[in-house]
Amino acid sequence: MPIATPEVYAEMLDRAKAGKFAYPAINVTSSQTLNAALRGFAEAESDGIIQISTGGAEFLGGQYNKDMVTGAVALAEYAHIIAEKYDVTVALHTDHCPKGKLDGYVRPLLDISAERVKAGRNPLFQSHMWDGSAETLADNLAIGQELLAKAAAAKIILEVEITPTGGEEDGVSHEINDELYTTVDDAIRTAEALGLGEKGRYLLAASFGNVHGVYKPGNVVLRPELLKDLQEGVGAKFGKTAGTQPFDFVFHGGSGSTEQEIATALENGVVKMNLDTDTQYAFTRPVADHMFRHYDGVLKVDGEVGVKSQYDPRTWGKSAEAGMAKRVSEACANLRSTGTKLK
């Protein structure tokens, strides 16, 4: 099936929220990791989200120019073609983009999609993320208002991060401390500035102790039950019916989370969960295994010629794709999206 249209993407998110499941959002940095993500979704019979960070886009642009927009556009165009061969629906998203990179990444990409929509086509990406967590909440939301208006005009959903996620990702870092918990007041101010859908749809990355990077279960204090407080607090403020969940939440920094923490997050309105650290390892681990087991074949040791079939990138690349695809399928199971693909 093709990349999701704006209408289909909205339907995907609505189905996830109603069904208490979430889509794994898989960071990719190459055509190979893109294929691994698509394969993982297809094997799990789950729709999903493919995303490109600023660092990923720079890498995709090539080390000669390191152009983020070129890299993101190139892979997105490739995805529009290759995804047709997989029996699932995926949305394309750009991950964390701080203030200093907006002009070199998200704003140009929004302009590209606006031109496509103006010409009667669908946007290139289905959603973009604005990461203003390093800014004051007032500045964060002011920029969010501008970007939301541009996104809505281009039939794109905006993702906003209003409070910090701990750890580091693509140069954006925050300490692991008590500031990693969004308050009801933060959520109310967000709803006042961005609306609750009438100004354009957005996804909200709220903080409940999330940390990017590698950590073992128990090393980070996650409080996914906090999301319920945010939903109820905003619902009460804006006169929503009891039990209504005003926000579509995103779970960042999910590596090492327990099954119970994930389940609680899903019950409280999480529809998207980012996955990068775990899939990076799942992709690299089979490559390392191949290199160690075939040391003499992949290197020209002691004047020998090596073994072409062993250093051929396709040989170890197939194992890497399989390893990452398996981890993506596992994520689908953890997030309850297995078997939920659109018919």
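Throughout what follows, the structure given in this document is the object of discussion. (Residues numbered from 1 in each chain as written. Predicted model: local features only at pLDDT ≥ 70, side-chain atom pairs only at ≥ 80, totals over all residues. Heavy atoms only, no water.)

## Focus on helix H13 (residues 313–334)
Test applied: Secondary structure counts use DSSP, requiring at least four H or I residues in a row for a helix and at least two E residues in a row for a strand, with both numbered from the N terminus. In this scheme, a helix's expected span is set at 1.5 Å multiplied by one less than its residue total. The buried label applies to any residue whose accessible area, calculated with a 1.4 Å probe on protein chains only, is under 20% of its type's maximum; exposed applies above 50%, and partly exposed to all values in between. In this analysis, two residues are considered to be in contact whenever any of their non-hydrogen atoms come within 4.5 Å of each other.
Taking 1.5 Å of rise per residue, 22 residues should cover 32 Å, and H13 covers 31 Å from first to last C-alpha, within 8% of that figure. Residues of H13 that are buried: Gly317, Ala320, Glu321, Gly323, Met324, Ala325, Arg327, Val328, Ser329, Ala331 and Cys332. Contacts from the buried residues of H13 go to strand S1 (23–27), helix H2 (31–44), strand S10 (270–275) and helix H10 (277–293). One or two steps after H13, the chain reaches arginine 336, where phi turns positive at roughly 70 degrees.

## Quick look at helix H4 (residues 68–82)
As a reminder, the rule being used: As used in this structure description, the phrase polar contact means that two N or O atoms lie within 3.5 Å; if the pair is within protein, one of them must be able to donate a hydrogen and the other to accept it, and residues adjacent in sequence are counted only when both atoms belong to side chains.
With 15 residues, H4 extends 21 Å between its outermost C-alpha atoms, agreeing within 8% with the 21 Å of an ideal straight helix rising 1.5 Å per residue. For H4, the set of buried residues is Met68, Val69, Gly71, Ala72, Val73, Leu75, Ala76 and Ala79. Buried residues in H4 make contact with H2, strand S2 (48–52), helix H3 (54–60), strand S3 (90–94) and helix H5 (106–118). Measuring from the backbone nitrogen of valine 69 back to the side-chain oxygen at the start of H4 gives 3.5 Å, which picks out aspartate 67 as the cap.

## Considering the packing of H2 against H13
So the rule is basically this: Between N-to-C directions, angles span 0 to 180 degrees; the directions come from axes that are lines fitted to C-alpha atoms, helices contributing only their stretch in contact. Angular relationships are summarised with four words: roughly parallel below 35 degrees, roughly antiparallel beyond 145, roughly perpendicular across 65 to 115, and oblique for the angles in between. Crossings are sorted by hand: turned counterclockwise from the far helix by less than a right angle, the near helix makes the crossing left-handed, and turned clockwise it makes it right-handed.
Interhelical geometry of H2 versus H13 gives an angle of 45 degrees and a closest axis separation of 7 Å. Viewed along their axes, H2 and H13 adopt a mutual orientation that is oblique. Here H2 and H13 pass one another in a crossing that is right-handed. Here Gln32, Thr33, Asn35, Ala36, Ala37, Arg39, Gly40, Phe41, Glu43 and Ala44 of H2 come into contact with H13, specifically with Gly317, Lys318, Glu321, Ala322, Met324, Ala325, Val328, Ser329 and Cys332.

## Some details on the pattern of salt bridges
Basically, it comes down to this: Should a side-chain nitrogen of Lys or Arg be within 4 Å of a carboxyl oxygen of Asp or Glu, the pair is scored as a salt bridge.
This structure, assessed with the given rule, holds 15 salt bridges. Where aspartate 248 meets lysine 17, a salt bridge forms, and the shortest distance between an N and an O atom there is 3.0 Å. On the criterion of sequence distance, the pair formed by aspartate 248 in the loop between helix H8 (226–237) and strand S9 (249–251) and lysine 17 in helix H1 (residues 6–19) is long-range, its members being 231 residues apart. An identical accessibility class is assigned to aspartate 248 and lysine 17; each is buried. Sharing partners across several salt bridges, the network here consists of Asp14, Lys17, Arg201 and Asp248.

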